[in-house]
Amino acid sequence: MAGFLDKERIIAKPSFNRWLIPPCALATHLCIGQAYALSVFNLPLTKQLGITKSVTGDWTLAELGWIFSIAIVMLGLSAALFGTWVQREGPRKSGFVAAVCWGVGFLVGALGISTHQLWLVYLGYGFIGGIGLGIGYITPVSTLISWFPDRRGMSTGMAIMGFGGGALIASPMSDSLMKAFASPTSTGVAQTWVVMGVIYLVFMLGGAFGYRLPAPGWKPAGWTPPPLKEGGLITTHNVTPQQAIKTPQFWFMWWVLCLNVTAGIGVLGQASAMIQEMFRGRVTPSAAAGFVGLMSLFNMGGRFSWASLSDKIGRKPTYAVFFILGTILYFLVPLTGKIGSVAFFVACFCIIISMYGGGFSTVPAYLADVFGVKYVSAVHGRLLTAWSAAGIFGPVLVNYIRQWQVANGVPKYQAYNVTMYIMAGLLVIGFFCNLAVKPVSQRHLEAERAPLPDGQPSYAK
Amino acid sequence: MTDSVSTEKDWSHNPGVIAFAWLAVGIPLLWGVLNTLMKSVALFR
């Protein structure tokens, strides 16, 4: 008899209503998306000893920055390392492990905060929580693609939209909890982390236990797989993750994701400073915070809308739009500063950030098209190392180029211009990488034991 | 390959369960979006 967490236990009856799966996926992604809102704790954490101000022995912002860095590195590593395990064991077990890691990560971190041991915070949130992030991120991907073969982009877009939306919930929730727990002897951060850890654990477990897998050969009522185009990208065959990383397609797609993310992530972190420096005296700090909030909304909305659009126009054309439109917009940004149009500047960046989010959410469906559905979580996990790499390239490019320009006498309001042109250049390279993605050669395809007509996974052990 | 299906109860046809699942994720998300929108208003003042 299959164990409670086993894959065999959750194979659904043919009449199962597939619309119960997206909320389960959202429950996972809305929780782990908190990672984007970690910075709300930075200032209070620098006052853990002094409470009202930083005193000797309090943690510095540089030390605290490592918490996020470790978590993101662990996200990439664990997605790559555990991708095959997630695929083999199914979404209930991997969702359960992700929930436990994420929840326990918060609790261990809270212990570190209350005892003022930074290594415990690194271990808890960074290491353990980071593993939860990686496993949780890829957990719903192949399940959603299996349930929605007719809307692969929309279904994964909905889940990955949750990752963007998680920060929108976590940020005000953290603020409210810290205010409630703050006292003359405490900043309230440790207590907030305990509460958040428990809430996330419960929510993510709810999602994990709700997952079901379609029975082999299942397809949506009334849907027939569209006929495959000769020489088209979409395959009904499968490529194992070990084989996928040996194909040029995987590495072209790795660069597609990396370059698209690099272009977005660099400006995401600098958005507030950038708008204030480019429009000095016209944009206040609170208006800049509003701009950052607006970008978060477009980041989230783009994840759903671009991925859904990719179902209609195809993945490759969707990325082509990202790269062409992104290049044009990055070239236009310096012009917005020259003509002094804040509205034009905001519009450019909102579209750019929507495509940054869209890049994340469209890639699982792109991978499923090119490498097949069966191992998509494992291949996706390996591709997410591109995100970790972009997390280093993007901010380094933006920060250091700006610093170098300011040091060489360029006025601050013009210091971002070269960066924008470099970002546009990266997107041009990304365009050609995307163009180079062709159907996978026959020799890389897995020998099919029991081919299914619509590319459904077989769940063979 | 396994052909067995879950022995667990299938709740997916209960409209209450579907509504609960969507509300459980939709309400917090809507709350977060509204909060962010309210902050963003400062940009247009």
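Residues numbered from 1 in each chain as written. Chains lettered and ligands numbered in written order. Predicted model: local features only at pLDDT ≥ 70, side-chain atom pairs only at ≥ 80, totals over all residues.

Caption draft 1: Fine view of the overall build of chain A. Counting its secondary structure elements, chain A contains 16 helices and zero strands. Taken against the 2.2 N^0.38 rule, which gives 23 Å for 461 residues, the C-alpha radius of gyration of chain A at 22 Å falls within 12% of a compact globule. A total of 461 residues make up chain A; the buried ones form 54% of that total. Pairs at least 24 apart in sequence give 82% of the contacts found in chain A among residues at least 6 apart. (Helix = DSSP H or I, 4+ residues; strand = E, 2+ residues; numbered from the N terminus. Rg over C-alpha atoms; globule rule 2.2 N^0.38 Å. Buried ≥ 20, exposed ≤ 12 C-beta atoms within 10 Å, placed from the backbone. Contact = placed C-beta atoms within 7 Å.)

Caption draft 2: How the structure looks around the overall build of chain B. Within chain B, the secondary structure is distributed over one helix and zero strands. In chain B, which comprises 45 residues, the proportion classed as buried is 20%.

Caption draft 3: Spotlight on the environment of D150 of chain A. Residues and elements named next belong to chain A. Looking at the secondary structure, you find D150 in the loop between helix 6 (141-147) and helix 7 (152-181). You can call D150 partly exposed: it has 16 C-beta atoms within 10 Å. As a C-alpha pair, D150 and K219 span 69 residues in sequence and 8.9 Å in three-dimensional space. Setting aside its immediate chain neighbours within four residues, D150 contacts P220 and W223.

Caption draft 4: Inspection of helix 16 (residues 417-435) of chain A at higher detail. With 19 residues, helix 16 of chain A extends 27 Å from end C-alpha to end C-alpha; this agrees with the ideal 27 Å at 1.5 Å per step. Lining the buried residues of helix 16 of chain A we find helix 10 (248-278), helix 12 (315-339) and helix 15 (385-407) of chain A. (Expected span 1.5 Å × (residues − 1).)

Caption draft 5: Examining the interface of chain A and chain B more closely. Chain A puts 36 residues into the contact, and the matching count from chain B is 27 residues. When residues of the side of chain A that touches chain B are traced back to their parent elements, those giving at least two are helix 1 (21-32), helix 7 and helix 11 (285-313) of chain A. When residues of the side of chain A that touches chain B are assigned to their parent elements, the largest contribution, nine residues, is made by helix 11 of chain A. A class-by-class count of the residues in the side of chain A that touches chain B yields 24 nonpolar, eight polar and four charged. (Nonpolar A, V, L, I, M, F, W, Y, C, P; charged D, E, K, R; others polar.)

Caption draft 6: Structural context of unusual backbone geometry. Residues and elements named next belong to chain A. Residues other than glycine seldom take positive phi values, yet I51 does so here, at roughly 60 degrees. Locating I51 in the fold gives a position in the loop between helix 2 (42-45) and helix 3 (61-89). With 17 C-beta atoms counted inside 10 Å, the residue I51 sits in the partly exposed group. One non-glycine residue with positive phi stands out, namely H116, at about 55 degrees. Along the polypeptide, H116 turns up in the loop between helix 4 (91-114) and helix 5 (118-138).

Caption draft 7: Structural view of the domain arrangement of chain A. All names here are of chain A. The domain boundaries assigned to chain A delineate domain 1 (7-210) and domain 2 (241-444). For domain 1 and domain 2, the distance between their C-alpha centroids amounts to 23 Å. In this assembly, 28 residues from domain 1 lie in contact with 30 residues from domain 2. When contributions to the side of domain 1 that touches domain 2 are tallied by element, the ones reaching two or more residues are helix 3, helix 6 and helix 7. Looking at side-chain class alone, the side of domain 1 that touches domain 2 contains 15 nonpolar, eleven polar and two charged residues. (Domains from an automatic or database assignment.)

Caption draft 8: Molecular detail of the nonpolar core. Residue and element names in this part refer to chain A. Ranked by size, the top nonpolar core spans 150 residues in total, and within it M204 and L367 carry the most contacts. For this core, the element with the most residues is helix 13 (residues 342-371), which contributes 16 residues. For this core, the two domains that each supply at least three residues are domain 1 (7-210) and domain 2 (241-444). Dropping the residues within four chain positions of it, M204 is found in contact with A27, T28, C31, G95, A98, A99, W102 and G136. (Core = buried A, V, L, I, M, F, W, Y, C linked by C-beta atoms within 7 Å.)

Caption draft 9: Representation of the packing of helix 11 of chain A against helix 1 (residues 15-44) of chain B within the structure. Running from N to C, helix 11 of chain A and helix 1 of chain B cross one another at 140 degrees; their axes reach a closest spacing of 6 Å. If you check the angle between helix 11 of chain A and helix 1 of chain B, you find them oblique. Regarding helix 11 of chain A and helix 1 of chain B, the two cross each other, and that crossing is left-handed. Residues S286, A287, A289, G290, F291, G293, L294, S296 and L297 of chain A of helix 11 of chain A form the contact with helix 1 of chain B, whose participating residues are V33, T36, K39, S40, V41, A42 and L43 of chain B. (Axes fitted to C-alpha atoms, helices over the stretch in contact; angles between N-to-C directions. Parallel < 35°, antiparallel > 145°, perpendicular 65-115°, else oblique. Left-handed = near helix turned anticlockwise from the far one by under 90°.)

Caption draft 10: How the structure looks around the environment of G301 of chain A. On the secondary structure map, G301 of chain A appears in helix 11. Measuring from C-alpha to C-alpha, the distance between G301 of chain A and I353 of chain A comes to 9.7 Å, with 52 residues separating the pair along the chain.

Caption draft 11: View of the packing of helix 12 of chain A against helix 16 of chain A. All names here are of chain A. At a minimum axis distance of 8 Å, the contact between helix 12 and helix 16 shows a crossing angle of 165 degrees. The angle between helix 12 and helix 16 falls in the class roughly antiparallel. Pair helix 12 / helix 16 crosses with left-handed handedness. Of the residues in helix 16, those touching helix 12 at K316, Y319, A320, F323, I324, G326, T327, Y330, F331, V333 and P334 are N417, M420, M423, A424, L427, V428, G430, F431 and N434.

Caption draft 12: Region of interest: the confidence of the model for chain A. Residue and element names in this part refer to chain A. Predicted confidence across chain A gives a mean pLDDT of 91, with 97% of residues reaching 70 or more. The lowest-confidence element of chain A is helix 15, averaging 83 in pLDDT; the highest-confidence one is helix 4, averaging 98. Per-residue pLDDT stays below 50 along residues 450-455; that stretch engages in 13 contacts with residues further than four places along the chain or on separate chains. Note on residues 457-461: pLDDT is under 50 here. Beyond four places in sequence and across chains, it has 15 contacts. (pLDDT = per-residue confidence, 0-100.)

Caption draft 13: The arrangement of the environment of P149 of chain A in detail. Residues and elements named next belong to chain A. As for its placement among the helices and strands, P149 is situated in the loop between helix 6 and helix 7. Its 19 C-beta neighbours within 10 Å are what place P149 among the partly exposed residues. Each C-alpha atom, one on P149 and one on P220, is 8.0 Å from the other, the two residues being 71 residues apart in sequence.

Caption draft 14: Layout of the confidence of the model for chain B. Averaged over every residue, the pLDDT of chain B is 84; the share at 70 or more is 84%. Both confidence scores are given for the complex: pTM 0.89, ipTM 0.88.

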